[in-house]
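Here is how the chains run, residue by residue.
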Amino acid sequence: MNIQDLRYVVAVDDHRHFGRAAEACFVSQPTLSSQLRKLEDSLGVELFERAPRKVMPTTVGRLIIHHARGVLVEVDQIEALAKAAREPGTATLRVGVFPTLAPYLLPHVVTPLHRRFPDVELLWVEEKTDEVVEGLLNGRLDAGLLALPVVEAQLHHEPLFTEDFVLAVPADHELADAQSVGTDVLVGVDVLLLTEGHCLRDQALEVCSLVGAAERHGFRATSLETLRQMVAAGVGVTLLPKLSVSPPVAQSADVRTVAFETPAPSREIAMFWRRTSVHAELLAQLAAVIADLPAELVQT
């Protein structure tokens, strides 16, 4: 058994397809399949059930894959430690960001981060919250930008900022020209929301439950842009994070956004990483740069 064999095992589990796993490992499919067979022979157990168009780990295979992932995380840590000692200030970091934050935050932070850390390569990965947390725990990601709360003992979190929500209404809505509104305007209102799996949906539902609003039945959007389009079409109203309606994001002439009176509904954003990460000191420095956003956008 060697480290490369473990990478093959994990790749097959990730892709559930030998061909795609081989591509991800930059080897031919016969090479990967042959090495896995040799590993199974040496262990005396089958790691995967092989059926036409279907690859699944066996019961013992799932246990072995779990430990293989842990071994690979430790190997990556060793390599990262060596690189940090050999080339101080350099690193390649994979950072997960959930979809209702990534496209609106990154334009504000990518350039300052590159300017402050020119020798750090940041690979941004847009995934839902649960996938980011899983990626952090299995070592696929080095850090994650997530909305609180996230309860996971293995992860450290550094608070970044608080982002207010605004009310988005059609241009001809009675509140379209209001300077600000209280949350009581949502009482009895059916609000357009995202589909299951988006943390913004849970945050908006919490606001709705507090003020007596409800979800618009029969409709769930898969993105903030779909929500925006539905509001523009006059289908209803929704809650949008402030960054998503701030420059450089282009605004629709058919949608008006109205600030909520203090205290406005909001979400708290934090940066997460494993407590055992060899990059902990560097990640804390990155977090400080990300948190340094203009006051008109967020609260720090």
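Below: a short report on this structure. (Residues numbered from 1 in each chain as written. Predicted model: local features only at pLDDT ≥ 70, side-chain atom pairs only at ≥ 80, totals over all residues. Heavy atoms only, no water.)

**Let's talk about unusual backbone geometry**
Working note: non-glycine residues mostly have negative phi, and peptide bonds are mostly trans. In this structure, P149 follows L148 across a cis peptide bond, with omega equal to 0°. Relative to the elements of secondary structure, P149 occurs in the loop between β5 (143–147) and β6 (155–170). Phi at R16 is positive, roughly 50°, even though this residue is not glycine. Mapped onto the elements of the fold, R16 is located in the loop between α1 (3–15) and α2 (18–25). Classification of R16 by relative accessible area gives partly exposed; the value is 37%. In this model, F26 sits at a positive phi of 60°, which is unusual for a non-glycine residue. Secondary-structure assignment places F26 in the loop between α2 and α3 (29–43). (Helix = DSSP H or I, 4+ residues; strand = E, 2+ residues; numbered from the N terminus. Buried < 20%, exposed > 50% of the residue type's maximum accessible area, 1.4 Å probe, protein only.)

**A look at the packing of aromatic side chains**
In total, this model carries 1 aromatic pair according to the counting rule given. The interplanar angle of 75° and the centroid separation of 6.5 Å between the aromatic rings of F18 and F48 together place this pair among those described as edge-to-face. Here F48 lies in strand β1 (residues 48–51) and F18 lies in helix α2, a separation of 30 residues in the sequence. Exposure class is identical for F18 and F48. Each is buried. (Phe/Tyr/Trp six-rings, centres within 6.5 Å; stacked < 30°, edge-to-face > 60°.)

**Some thoughts on α3**
For α3, with 15 residues, the first-to-last C-alpha span of 21 Å sits near the 21 Å given by 1.5 Å per residue. For α3, the full list of buried residues reads L32, L36, L39 and E40. Considered in projection along α3, the buried side chains sweep an arc of 100° and stay on one side of the axis. Turned more than 90 degrees away from the buried face of α3, the exposed residues are P30, K38, D41 and S42. The inward-facing, buried residues of α3 abut α1, α2 and β1. Immediately downstream of α3, the backbone of G44 shows phi near 80°, a positive value. (Expected span 1.5 Å × (residues − 1). Arc of directions from axis to C-beta. Contact = heavy atoms within 4.5 Å.)

**Brief notes about the nonpolar core**
Of all hydrophobic cores here, the largest spans 59 residues; its most connected members are L101, L105, L145, L160, F161, M271 and L286. Looking at this core, the element that brings in the most residues is helix α9 (residues 280–291), giving 7 residues. Filtering out sequence-adjacent residues up to four positions away, M271 remains in contact with A143, G144, L145, H156, H157, E158, L160, L283, L286, A287 and I290. Counting residues in hydrophobic clusters, the runner-up holds 18 residues, among them A176, V207, L239 and F260. (Core = buried A, V, L, I, M, F, W, Y, C linked by side-chain atoms within 4.5 Å.)

**Thoughts on the pattern of salt bridges**
Any two side chains of opposite charge can pair, so long as their charged atoms come close to each other. As enumerated under the stated definition, the model contains 11 salt bridges in all. Residue R69 is joined to D14 by a salt bridge in which the shortest nitrogen-to-oxygen separation is 2.6 Å. In this pair, R69 sits in helix α4 (residues 59–86) while D14 sits in helix α1, placing the two residues 55 residues apart along the sequence. Note that D142 and R94 form a salt bridge whose closest N and O atoms lie 3.3 Å from each other. Note that D142 is positioned in the loop between α6 (129–138) and β5 and R94 in strand β3 (residues 91–97), a separation of 48 residues in sequence. Its relative accessible area of 5% is what places D142 among the buried residues. Through salt bridges that share partners, D13, D14, R16 and R69 make up one connected network. (Salt bridge = Lys/Arg side-chain N within 4 Å of Asp/Glu carboxyl O.)

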